[in-house]
Amino acid sequence: MKKLSHEQISQNRSTLETIGTVKKLPVHVILNSIRSSYNVGSIFRTSDGAMVEKIYLCGYTPTPENKDVLKTSLGSQNSVAWEYVENAKDVVTKLKEEGLKIIALELTDKSVPHYSLSKGWFPCVLIVGNEITGVSQELIDLCDHSIEIPQYGIKQSLNVAVAYGISIFEMRRVFDI
């Protein structure tokens, strides 16, 4: 085993010119009232790695014009489609009418482990909520499913960007099977 050099890694990397040819994960992501610019930037980078369809930034979620989002996104805001829409409910309603399944990343009385989703759930929308309050009940009421990441410690929670990363790459794995 030999670590790859930056040059070797770059040979397989997409560019902004070729990004349109990459097989996208048919997941639209809604970030609703995420407080931290750093979390948003991190989610952009993770979304680039998983090659999601689009990110909707809603509520008071900072957009890529914010310097701290730019700092952590490292340019991925240019490779992932995104749009700011003030009201997340408007986006969820529109995408649900288009036939996408709506999934909350949230603990509910009907949530299932993130690793139990199936190909039948695609295309879909993944709603990620506020770091403290999570996904609102108003949005949960519009959801077809809710996924959770099993927790075994005292806190029973993960950083929102970490939880998103775990979930979106599980979605990518299932979609690619």
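As the structure is a prediction and not an experimental result, all values here were calculated from the model. (Residues numbered from 1 in each chain as written. Predicted model: local features only at pLDDT ≥ 70, side-chain atom pairs only at ≥ 80, totals over all residues. Heavy atoms only, no water.)

Participant: Before we go on, may I ask you to explain the packing of aromatic side chains in this structure?
Facilitator: What describes a pair of aromatic rings is the distance from one ring centre to the other and the angle between the planes of the rings. Throughout the structure, instances matching the rule amount to two aromatic pairs. Where Phe44 meets Trp82, the ring centres are 6.5 Å apart and the plane angle is 85 degrees; that geometry is what we call edge-to-face. You can see Phe44 sitting in helix 2 (residues 37–50) and its partner Trp82 sitting in strand 3 (residues 82–84), a full 38 residues away along the chain. The class of Phe44 is buried, set by a relative accessible area of 0%. Trp82 sits in the partly exposed class, given a relative accessible area of 28%. When the ring centre of Phe175 is taken as origin, the NZ or CZ atom of Lys119, which lies over that ring, is 6.0 Å away. (Phe/Tyr/Trp six-rings, centres within 6.5 Å; stacked < 30°, edge-to-face > 60°. Helix = DSSP H or I, 4+ residues; strand = E, 2+ residues; numbered from the N terminus. Buried < 20%, exposed > 50% of the residue type's maximum accessible area, 1.4 Å probe, protein only. Lys NZ or Arg CZ within 6 Å of the ring centre and 35° of its normal.)

Participant: I would appreciate a short explanation of the sheet that holds strand 6 (residues 124–128) in the present structure.
Facilitator: Neighbouring strands of a sheet are bound in pairs by backbone hydrogen bonds; such pairs are parallel or else antiparallel. Within the open sheet, the seven strands sit side by side as 3-2-1-6-4-7-5. Their pairing is parallel. In this open sheet, the two strands that pair with only one neighbour each are strand 3 and strand 5 (112–113). In this structure, strand 2 (residues 52–58) lies alongside strand 3, joined through three bridges in parallel fashion. By the bridge assignment for strand 3, Leu57 is matched with Tyr84. On top of the sheet, helix 2 reaches strand 1 (25–32), strand 2 and strand 3; it is set at about 165 degrees to strand 2, its chief contact. Contacts between helix 6 (residues 160–176) and the sheet are confined to strand 1, strand 2, strand 4 (101–105), strand 6 and strand 7 (145–148), with strand 1 contributing the most and set at about 165 degrees to the helix. (Pairing = 2+ DSSP bridges. Contact = heavy atoms within 4.5 Å. Axes fitted to C-alpha atoms, helices over the stretch in contact; angles between N-to-C directions.)

Participant: I keep staring at the layout of surface pockets and nothing clicks. Help me out?
Facilitator: Leftover empty space is mapped by rolling, across the atoms, a probe with the size of a water molecule. For the largest pocket, the calculated volume is near 470 Å³. Leu105, Glu106, Ser157, Leu158 and Ala163 are, among the 21 residues lining the largest pocket, the residues nearest its centre. Of all the elements in the fold, those that place two or more residues in the lining of the largest pocket are strand 7 and helix 6. Residues that form the lining of the largest pocket fall into these classes: nine nonpolar, nine polar and three charged. The space that makes up the second largest pocket amounts to roughly 270 Å³. (1 Å grid on protein atoms, 1.4 Å probe; cavity = no way out; pocket = protein on both sides within 12 Å on 5 of 7 lines; lining within 4 Å. Points joined across faces, edges and corners; volume = space filled by probe spheres on them. Nonpolar A, V, L, I, M, F, W, Y, C, P; charged D, E, K, R; others polar.)

Participant: For this particular structure, what's the right way to read a nonpolar patch on the surface?
Facilitator: Together, Leu158, Val162 and Ile166 line one region of the surface with nonpolar side chains, adding up to about 210 Å² of accessible area. Within the fold, Leu158 resides in the loop between strand 7 and helix 6. Residue class for Leu158 comes out partly exposed when judged on its relative accessible area of 37%. (Patch = residues over 30% accessible without salt bridge, like charges linked within 9 Å, V, L, I, M, F, W, Y side chains within 5 Å. Areas by Shrake-Rupley, 256 points an atom, 1.4 Å probe, with all protein chains shown as cover. Salt bridge = Lys/Arg side-chain N within 4 Å of Asp/Glu carboxyl O.)

Participant: Sorry if this is basic, but what is going on with the pattern of salt bridges here?
Facilitator: Side chains that differ in charge, positive against negative, can pair when their charged atoms come close. Under the criterion given, the structure shown has eight salt bridges. Note that Lys54 is salt-bridged to Glu83, the shortest N-O span being 2.6 Å. Taken together, the positions of Lys54 in strand 2 and Glu83 in strand 3 put the pair 29 residues apart, joining distant regions of the chain. With its nearest N and O atoms 3.7 Å apart, the salt bridge here joins Lys89 to Glu138. Of this pair, Lys89 sits in helix 4 (residues 88–97) while Glu138 is found in helix 5 (residues 137–140), placing the two residues 49 residues apart along the sequence.

Participant: Can you walk me through the pairing of strand 1 in this structure?
Facilitator: Every regular strand shows the same layout, with side chains that alternate between the two sheet faces. A large share of strand 1 lies buried, amounting to eight of its eight residues. Residue alternation in strand 1 divides its side chains into two sets, Leu25, Val27, Val29 and Leu31 and Pro26, His28, Ile30 and Asn32, and both sets are buried. Of the pairings in the sheet, the one linking strand 1 to strand 2 comprises six bridges and is parallel in character. Bridge pairing links Ile30 to Tyr56 in strand 2. After leaving strand 1, the chain enters helix 2 and then returns to the sheet as strand 2, a path that is right-handed. (Right-handed = clockwise from strand over helix to strand, strands pointing away.)

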